[in-house]
Amino acid sequence: MATEIIKNIYQGKGTTIQFHPGTTYETFVGGLAPINNSAQSLQFAPRPGKLMNAVIEASKNPKQKYLLHIDEINRADLAKVLGEAIFLLEPSEPHREVNVFYDFGAPSHNRFKLPENLHILGTMNSADRSIAILDVAVRRRFAFVPLWPSLEVLDGEKASETMKEAFLRLFTLFVEEAPNDAFALMPGHAYFLDKGKNTGTLLNTGLKPLLSEYIQQGYVSGFADEIRAYIEWISSITE
């Protein structure tokens, strides 16, 4: 969906990056990086990060909206990655500026601000319980829109009837049995997109191990018996 938003709404003006545990302030905002030189000695110079590069691209045409899409936004320590740039993410005060440590050249130099035509979209999988939730100070600077799995997606991707039934059974189970804090664990579309083939393999090597892990980790303790019954049903239809 983010890719389609860049392509259609932003007319191709945007880029997608991905956060991970190794993402740092230097790679996202900017910092010192080694450079090549004729003397073959080790030297460092300021190098813009992904956010600064997005600012540079957006500044080329202030009348054209530009989108920076950050996939897996919750996989990095966002408070550390943003640093003082968190001060800029205030919708009610779009003209804020901060000082940065180095001169990164035009258009920011050592003063950094986000142009009004630069928009930031973060996407994350709420089922990733092994990853910390977003810092509260960061969370209040974003608007959140939940995207739940939908049968319409399976129809559009030509999923088999067996997969559609598997999806509906599990979705109904979560709706009826899962408490609020566990509902976000409903497996997403990727576990059900078989395009009419390899249905048994996908269910047995993808969905079943995930649900078994949920039970072992105690994530679905309130309706573990129902999940076990669902796993047994999968086994019965894929033998």
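These numbers were taken from a predicted model, which means no experiment stands behind them.

About the thresholds
In every chain, residue numbers begin from 1 and rise along the written sequence. Residues qualify for local features only when their pLDDT is at least 70, as the model is predicted, and side-chain atom pairs are given and counted only at 80 or more; totals for whole chains, interfaces and linings, by contrast, use all residues. The basis for the side-chain values is all heavy atoms of the structure; hydrogens and waters are excluded. A run of H or I in DSSP becomes a helix once it reaches four residues, and a run of E becomes a strand once it reaches two; helices and strands are each numbered from the N terminus. Note on exposure labels: buried denotes an accessible area under 20% of the residue type's maximum, exposed denotes more than 50%, and partly exposed covers the range between, all computed with a 1.4 Å probe on protein chains only. Residues are treated as being in contact if the distance between any of their heavy atoms lies within 4.5 Å. Think of a polar contact as two N or O atoms within 3.5 Å of one another; within protein, one of them needs to be a possible hydrogen donor and the other a possible acceptor, and neighboring residues in sequence only count if both atoms come from side chains. Axis angles are defined between N-to-C directions and span 0 to 180 degrees, where every axis is a line fitted to C-alpha atoms and, for a helix, only to the segment in contact. Just so you know how the angles are binned, under 35 degrees is roughly parallel, over 145 roughly antiparallel, 65 to 115 roughly perpendicular, and the rest oblique. Whether a crossing is left-handed or right-handed is set by the direction in which the near helix is turned from the far one by less than a right angle, anticlockwise for left-handed and clockwise for right-handed. Charged residues are taken to be Asp, Glu, Lys and Arg, nonpolar residues to be Ala, Val, Leu, Ile, Met, Phe, Trp, Tyr, Cys and Pro, and polar residues to be all remaining types, Gly included. A pair of strands is labelled paired if DSSP reports no fewer than 2 bridges between them.

### A short note on the environment of lysine 208
- Mapped onto the elements, lysine 208 comes out in helix 9 (residues 199-217).
- Judged by relative accessible area, which is 18%, lysine 208 ranks as buried.
- When residues no more than four places from it in sequence are discounted, the contact partners of lysine 208 are Leu203, Ile231, Ile234 and Ser235.
- Reaching out from lysine 208, the side chain makes a polar contact with the side chain of serine 235 at a distance of 2.9 Å.

### Here's the deal with the packing of helix 9 against helix 10 (residues 224-238)
- As a packed pair, helix 9 and helix 10 sit with axes 10 Å apart at the nearest point and diverge in direction by 165°. With respect to helix 10, the axis of helix 9 lies roughly antiparallel. The element helix 9 and its partner helix 10 pack so that their crossing is left-handed. Contact residues: helix 9 offers Gly200, Leu203, Asn204, Leu207, Lys208, Leu211, Ser212 and Ile215, while helix 10 offers Ala224, Ile227, Arg228, Tyr230, Ile231, Ile234, Ser235, Ile237 and Thr238.
- Here the contact of helix 9 with helix 10 is built from residues that sort into ten nonpolar, five polar and two charged.

### Brief notes about the sheet that holds strand 1 (residues 14-18)
- On the basis of which strands lie adjacent, the open sheet formed by three strands has the order 1-4-7 and parallel pairing. Bordering the open sheet on either side are strand 1 and strand 7 (118-123), each of which pairs with just one other strand. In this sheet, adjacent strand axes meet at a mean angle of 20° when their direction is disregarded.
- Across five bridges, the pairing between strand 1 and strand 4 (residues 66-71) is parallel. Residue pairing in the sheet places isoleucine 17 in a bridge with isoleucine 70 of strand 4.
- This element, helix 1 (residues 2-9), spans strand 1, strand 4 and strand 7 of the sheet and lies at about 175° to strand 4.

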